[in-house]
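Secondary and tertiary structure notes
Single-letter residue listing:
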Amino acid sequence: MNSNAVVQPRSFGQGEQRAVSGRGAVSQDRVIFPITSLSPYQNRWCIRARVTQKSVVKTWCNKRGDGRLFSVDLADESGEIRATAFNAESHCGFPFKVYLIQGGTIKVANRQFTSIDNDYELTFSPETRVEPCFDENVCDLPEVSFHLTKIKEIGEISRDRLIDVIGVVVMIGPIESKIARSTLKELKKRDVLLVDDSGVSITLSLWEAEVHKSVYEQILNCHCFRQKISTVK
């Protein structure tokens, strides 16, 4: 899947458009489904969504083989959804633009890996088609959406749950080196102390790529981030 090239997805026939015309607007000859209308019971759909967040490409290697994955958060006027691409489908840049996306697997969301308020998530497949959207009203789509949690409430949330937090940086720690127990690989780490208007502070640990200056400065400038909860070690 190449997000830089304009892919020509299969257009719905007129009969198919009439059958689902109540689902949404028509964009570039395709019937658009709101993100909140998607469910595992659908096998033909197309959404018009803006990329609001994207992850770094993650890789793994174990006894069962190696692989890579890449995920993006997508938003339209109705809501948000997380989309993940594995292996061959993960070789895509996905600039922060609006796309028409169709094809892929809709499944129940794993709350351990997303804080998005949606019961479902997408997995891209070889059949997934991605095309830049040139509609005049794409500016109406939301840029980014956070579901903020107060720092004082974090202790009541289960471990490994992804949450959104906004706070003020009051302390910046030095870059440290840690050895991973499982791989004995050296990892870079930096701790940042945050406080919000609840009057409670918390340590945010940045690892590896997040320690690099560009990502680090981005977090400090926006002061709003999405992070997984973990216990203090």
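Conventions adopted
Along each chain, the written sequence defines residue order, and numbers are assigned to residues from 1. This being a predicted model, a pLDDT of at least 70 is required before a residue's local features are given, and a value of 80 or more before pairs of side-chain atoms are given or counted; all residues contribute to the totals for chains, interfaces and linings. For the side-chain quantities, the full set of heavy atoms in the structure was used; hydrogens and water were omitted. UniProt positions are given in the numbering used here, feature names are shortened, and annotations may be inferred rather than shown by experiment. Labels follow the DSSP assignment, with helices taken as runs of H or I lasting at least four residues and strands as runs of E lasting at least two, numbered in each case from the N terminus. Whether two residues are in contact is decided by their heavy atoms, any of which lying within 4.5 Å being enough. All accessible-area figures derive from a Shrake-Rupley calculation using a 1.4 Å probe, and residue coverage is judged against the displayed protein chains alone. Here, nonpolar core refers to any group of buried Ala, Val, Leu, Ile, Met, Phe, Trp, Tyr and Cys residues whose side-chain atoms link them within 4.5 Å. For each residue, the accessible area found with a 1.4 Å probe, counting protein chains only, is set against the maximum for its type, and the residue is called buried under 20%, exposed over 50%, and partly exposed in between. DSSP bridges decide pairing: two strands pair if at least two such bridges lie between them. Lines fitted to C-alpha atoms define the axes, with helix axes restricted to the stretch in contact, and inter-axis angles between N-to-C directions lie between 0 and 180 degrees.

An unreviewed UniProt entry lists the protein under the name tRNA anti-codon domain containing protein, with Trichuris trichiura given as the organism. Its UniProt record gives the protein the following Sequence similarities (unreviewed entry) comment, quoted word for word: "Belongs to the replication factor A protein 1 family."

Secondary structure assignment for the protein yields two helices and 15 strands. In the protein, 57% of the contacts between residues at least 6 apart in sequence involve partners at least 24 apart. For the protein, the accessible area works out to roughly 13,700 Å², and carbon and sulfur atoms hold 51% of it.

Grouped together as the largest cluster of nonpolar side chains are 21 residues, with contacts concentrated most on Leu38, Ile47, Leu74, Phe94 and Leu122. For this core, the secondary-structure elements that each account for two or more residues are β3 (46–54), β5 (65–75), β6 (80–86) and β7 (98–102). Membership of the second largest hydrophobic core comes to nine residues, among which are Ile163, Val192, Leu194 and Val211.

If you trace the three strands from one edge of the open sheet to the other, you get β12-β13-β14, paired in antiparallel fashion. Each edge of the open sheet is held by one strand with a lone partner, namely β12 (168–179) and β14 (201–207). The mean inter-strand angle of the sheet, taken between neighbouring strand axes irrespective of direction, is 20°. As paired elements, β12 and strand β13 (residues 186–195) share nine bridges and run antiparallel to each other. Of the residues in β13, the one forming a bridge with Met171 is Leu193.

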